[in-house]
Amino acid sequence: MKIKAFIISINFLIYFPTNGFAETELVMEKEVLNYSAMGIGDQACMELIIIKEGRDVSDMRDEHCPLSEGKFSVTLSGPSGTTVNFFGRFGFKKGNGFLTIKKKDDRKVWLWDLTDFPSGQWHNSEANNKSGAFEAFYNASTTFEGSVSSIKWGAHDQ
């Protein structure tokens, strides 16, 4: 587990310089929740999923590690006002929950838990030493975090 944490830290240091933005992007990593439940031949996904601004993903099965079990942690870089939406169903459908994140400053937003927000209302998070400021709107579903199925840039109606 310490090796995985080290590899993740190095990847984030390489991909995310602390000052300035080369471009607006969303970076996702899928964390395995239960290593002991993995079967023979199963493996943890060690690849980062990088989605540049404007590239909407209607089917996450086309990205790295589509069938691996786990939950996503994400970073979102870009200017204030950058908005990204996560959907629990393919094709940007809201039927299995959804999450909207809107940046409030130019700092990188880092989310370890995509479901750590009150459901059905906007939540404000001020900047701290780990993440920039953002607003989040979460429509809860029991399986949302493990089944993010599509991603769309820009604002949409809640």
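Read on for an overview of the structure.

What counts and how
Residues numbered from 1 in each chain as written. Predicted model: local features only at pLDDT ≥ 70, side-chain atom pairs only at ≥ 80, totals over all residues. Heavy atoms only, no water. Helix = DSSP H or I, 4+ residues; strand = E, 2+ residues; numbered from the N terminus. Buried < 20%, exposed > 50% of the residue type's maximum accessible area, 1.4 Å probe, protein only. Contact = heavy atoms within 4.5 Å. Areas by Shrake-Rupley, 256 points an atom, 1.4 Å probe, with all protein chains shown as cover. Pairing = 2+ DSSP bridges. Axes fitted to C-alpha atoms, helices over the stretch in contact; angles between N-to-C directions. Phe/Tyr/Trp six-rings, centres within 6.5 Å; stacked < 30°, edge-to-face > 60°. Lys NZ or Arg CZ within 6 Å of the ring centre and 35° of its normal. Core = buried A, V, L, I, M, F, W, Y, C linked by side-chain atoms within 4.5 Å. Polar contact = N/O pair within 3.5 Å; in protein donor to acceptor, adjacent residues only side chain to side chain. Salt bridge = Lys/Arg side-chain N within 4 Å of Asp/Glu carboxyl O.

Section: the overall build of the protein
Here is step 1: Broken down by element type, the protein carries one helix and nine strands.
Here is step 2: Going from N to C terminus, the protein has its helices and strands arranged as α-β-β-β-β-β-β-β-β-β.
Here is step 3: Counting all 158 residues of the protein, 42% fall into the buried class.
Here is step 4: The contacts of the protein with a sequence gap of at least 6 include a subset with a gap of at least 24, amounting to 67%.
Here is step 5: If you sum the accessible surface of the protein, you get close to 8700 Å²; carbon and sulfur atoms cover 52% of it.

Notes on the sheet that holds strand β9 (residues 150-153)
Here is step 1: An order of β7-β8-β5-β4-β9 is seen for the five strands of this open sheet, with the pairing classed as antiparallel. Both edges of this open sheet fall to β7 (122-125) and β9, since each of them pairs with a single strand only. Across the sheet, the mean angle from the axis of one strand to that of its neighbour is 20°, orientation sign disregarded.
Here is step 2: Two elements, strand β4 (residues 83-87) and β9, share four bridges in a ladder whose sense is antiparallel. The residue of β9 that forms the bridge with phenylalanine 86 is isoleucine 151.

Focus on the packing of aromatic side chains
Here is step 1: The final tally for this structure, using the stated rule, is seven aromatic pairs.
Here is step 2: Relative to tryptophan 112, the ring of tryptophan 110 has its centre 5.3 Å away and its plane inclined at 25°; by these criteria the two rings are stacked.
Here is step 3: Of the residues examined, tryptophan 110 reaches a relative accessible area of 27% and is grouped as partly exposed.
Here is step 4: Judged by its relative accessible area of 48%, tryptophan 112 is partly exposed.
Here is step 5: Chaining the aromatic ring pairs together yields one cluster made of Phe87, Phe92, Phe98, Trp122 and Phe137.
Here is step 6: The ring of phenylalanine 92 carries the charged tip of lysine 152 above its face, separated from the ring centre by 4.7 Å.

A short note on the nonpolar core
Here is step 1: Counting residues in each nonpolar core, the largest one holds 24 residues, and the members touching the most others are Leu26, Met28, Ile51, Phe86, Leu99, Ile101 and Ile151.
Here is step 2: Residue assignment for this core shows that the elements contributing at least two residues are β1 (25-31), β2 (49-52), β3 (71-77), β4, β5 (98-103), β6 (109-111), β8 (134-139) and β9.
Here is step 3: Those residues within four positions of phenylalanine 86 in sequence are excluded, and the remaining contacts are Leu26, Met28, Val74, Gly97, Phe98, Leu99, Ile101, Phe144, Val148, Ser150 and Ile151.

Quick look at the environment of aspartate 116
Here is step 1: Of note, aspartate 116 is situated in the loop between β6 and β7.
Here is step 2: Here the alpha-carbon distance between aspartate 116 and tyrosine 138, two residues 22 residues apart in the chain, equals 8.7 Å.

Section: the side chain of threonine 82
Here is step 1: Looking at the secondary structure, you find threonine 82 in the loop between β3 and β4.
Here is step 2: Within the local environment of threonine 82, its side chain forms a polar contact with the backbone oxygen of proline 79, the two atoms lying 2.7 Å apart.
Here is step 3: Apart from residues lying up to four places away in sequence, threonine 82 is in contact with Thr24, Leu76, Ser77, Ile101, Lys102, Lys103 and Trp153.

A closer look at the pattern of salt bridges
Here is step 1: For the coordinates displayed, the defined rule picks out six salt bridges.
Here is step 2: In this structure, the salt-bridge partner of aspartate 56 is lysine 152, at a minimum N-O distance of 3.2 Å. Remark: lysine 152 occurs in strand β9 and aspartate 56 occurs in the loop between β2 and β3; sequence separation between them is 96 residues.
Here is step 3: Among the ionic pairs, arginine 61 bridges to aspartate 59, the shortest N-O distance being 2.9 Å.
Here is step 4: Given a relative accessible area of 18%, aspartate 59 falls into the buried group.

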